[in-house]
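Summary of structural features
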Amino acid sequence: MQTYDLEADGLRGMNSILQAQSGETNQTSWEIVNPKGSHAIAVGLDAPIEVTVKGSTGYYCAGMNQQATVHVVGSVGPGVAENMMSGTVIIDGDASQYAGATGHGGLLVIKGNASSRCGISMKGIDIVVHGNIGHMSAFMAQAGNLVVCGDAGDALGDSLYEARLFVRGSVKSLGADCVEKEMRPEHLEILADLLERAGADAKPEEFKRYGSARQLYNFDVDNAAAY
């Protein structure tokens, strides 16, 4: 395992080294120590490497991730895994606002709670939150799956497109055009797979599914107040 001391050697050097790794590298396992809440740790990675961050991070940790597995042994600031394309990002603690925003693919696992706007404008990413999520989560979510093992705040799925939302606990309120939907066998199968991959101790049958009512796809003057 390669160890990088962020406090001693600097953020720019760390990201340059990690971004330089390729599919042929033999340096596949990295440990980042002394992160001390630094921003933009392990961003733009594009190789099947494993990066463990020993401590909490600031803004945009693991943003634009492709192929890599990034494990934060701590909590993260706003925008973790923003615009993620593939790979896996695991957070042992809590996540601040807009976790997984605009993510196109891959798996984001938050073992604590997530703040507001979790999964905003998600475009194919899978997000599993072991705890609760805040208000306006999955706002304008287009594709992918958001799994919440706890409760959801106000305006869940506001202006939702075709993403699937699974919530085990209570939902404070649903956003515009978001409705509860039938949980069919194919959804239970998807959910079971995600829960297993995320190491979540929950049963698919305990969840409710929410999705788009598809009333806001096209402008209708009768719905003007909802836009």
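Summary of the structure given here. Worth saying up front: this structure is predicted, and the values here are computed from it rather than measured.

So, the overall build of the protein chain
- Counting its regular elements, the protein chain contains three helices and eleven strands.
- Going from N to C terminus, the protein chain has its helices and strands arranged as β-α-α-β-β-β-β-β-β-β-β-β-α-β.
- For 227 residues, the compact-globule estimate of 2.2 N^0.38 gives 17 Å, and the protein chain sits close to it at 18 Å.
- With the C-alpha coordinates aligned to their principal axes, the bounding extent of the protein chain is approximately 60 × 35 × 30 Å.
- Within the protein chain, contacts between residues separated by at least 24 positions form 26% of all contacts whose residues are at least 6 apart in sequence.
- About 10000 Å² of surface is accessible on the protein chain, with carbon and sulfur atoms providing 46% of the total.
- If the 16 positive side-chain charges of the protein chain are averaged to one point and the 27 negative ones to another, these points end up 3 Å apart.

Digging into the pairing of strand β11 (residues 208-212)
- Most of β11 sits inside the fold, with four of its five residues counted as buried.
- Examined bridge by bridge, strand β9 (residues 164-167) and β11 share three bridges and lie antiparallel to one another. Paired with Leu 165 across the bridge in β11 is Tyr 210.
- Where strand β10 (residues 178-181) meets β11, four bridges bridge the pair, whose relative direction is antiparallel. What sits directly across from Glu 180, in β11, is Tyr 210.

So, the packing of aromatic side chains
- Following the criterion strictly, the structure yields two aromatic pairs and no others.
- Centroid distance Tyr 59 to Tyr 60: 6.0 Å. Interplanar angle 40 degrees. Geometry classified as tilted.
- Taking the relative accessible area as the measure of exposure, Tyr 59 reaches 37% and is therefore partly exposed.
- By relative accessible area, Tyr 60 is classed as partly exposed at 36%.
- Ring geometry for Tyr 60 against Tyr 98: centres 6.4 Å apart, planes inclined by 40 degrees, an arrangement best described as tilted. Within this pair, whereas Tyr 60 is found in the loop between β3 (50-54) and β4 (69-72), its partner Tyr 98 is found in the loop between β5 (88-91) and β6 (107-110), the two being separated by 38 residues in sequence.
- Of the residues examined, Tyr 98 reaches a relative accessible area of 22% and is grouped as partly exposed.
- An aromatic cluster is defined as three or more aromatic residues linked by ring pairs; in this entry it consists of Tyr 59, Tyr 60 and Tyr 98.

Considering helix α2 (residues 11-19)
- Along α2, the residues classified as buried are Met 14, Asn 15 and Leu 18. One side of α2 holds all its buried residues, which, seen down the axis, span an arc of 90 degrees.
- Of the surrounding elements, those touching the buried residues of α2 are β1 (2-5), α1 (6-9), β2 (29-33) and β3.

A word on the environment of Gly 211
- The topology assignment puts Gly 211 in strand β11.
- In the structure, Gly 211 is positioned 54 residues away from Gly 157 in sequence and 7.4 Å away in space, judged by C-alpha atoms.
- In this structure, Gly 211 is in contact with Leu 160, Ala 163, Asp 177, Cys 178, Val 179 and Lys 181, ignoring residues within four places of it in sequence.

Remarks on a nonpolar patch on the surface
- A surface patch of nonpolar side chains, about 260 Å² in accessible area, is lined by Met 140, Tyr 161 and Tyr 217.
- Relative to the helices and strands, Tyr 217 is located in the segment after β11.

Definitions and cut-offs
- For every chain, the first residue of its written sequence is number 1, and the numbers climb from 1 along that sequence.
- Where totals are concerned, whole chains, interfaces and linings use all residues; where local detail is concerned, this predicted model gives features only for residues with pLDDT of at least 70, and gives and counts side-chain atom pairs only at 80 or more.
- Heavy atoms throughout the structure, all of them, feed into the side-chain values; hydrogens and water do not.
- Secondary structure elements are defined from DSSP: runs of H or I of at least 4 residues count as helices, runs of E of at least 2 residues count as strands, and each element is numbered from the N terminus.
- Only the C-alpha atoms count toward the radius of gyration. The rule for a globule is 2.2 Å times the residue count to the power 0.38.
- Contacts were defined at the residue level, with two residues in contact if any of their heavy atoms lie within 4.5 Å.
- Computed by Shrake-Rupley with a 1.4 Å probe, the accessible areas treat only the displayed protein chains as cover when residues are assessed.
- Only four residue types enter the tally: Lys and Arg on the positive side, Asp and Glu on the negative side, with His and both chain ends excluded.
- Where a charge lies is defined by one atom per residue type, namely NZ (Lys), CZ (Arg), CG (Asp) and CD (Glu).
- Only protein chains enter the calculation, and the probe is 1.4 Å; a residue is then buried if its accessible area is under 20% of its type maximum, exposed if over 50%, and partly exposed in between.
- Strands are labelled as partners when DSSP assigns at least two bridges between them.
- Aromatic pairing here means that ring centres of Phe, Tyr or Trp (its six-membered ring) are within 6.5 Å. Orientation follows from the plane angle: under 30 degrees is stacked, over 60 is edge-to-face, and everything else is tilted.
- Regarding the arc, it is the one traced by the directions from the helix axis to the C-beta atoms.
- The patch calculation keeps residues exceeding 30% relative accessible area without a salt bridge and links them within 9 Å when they carry like charges or within 5 Å when they are nonpolar (Val, Leu, Ile, Met, Phe, Trp, Tyr).
- The rule for a salt bridge is simple: a side-chain nitrogen of Lys or Arg has to be within 4 Å of a carboxyl oxygen of Asp or Glu.

Geometry only, nothing functional implied.
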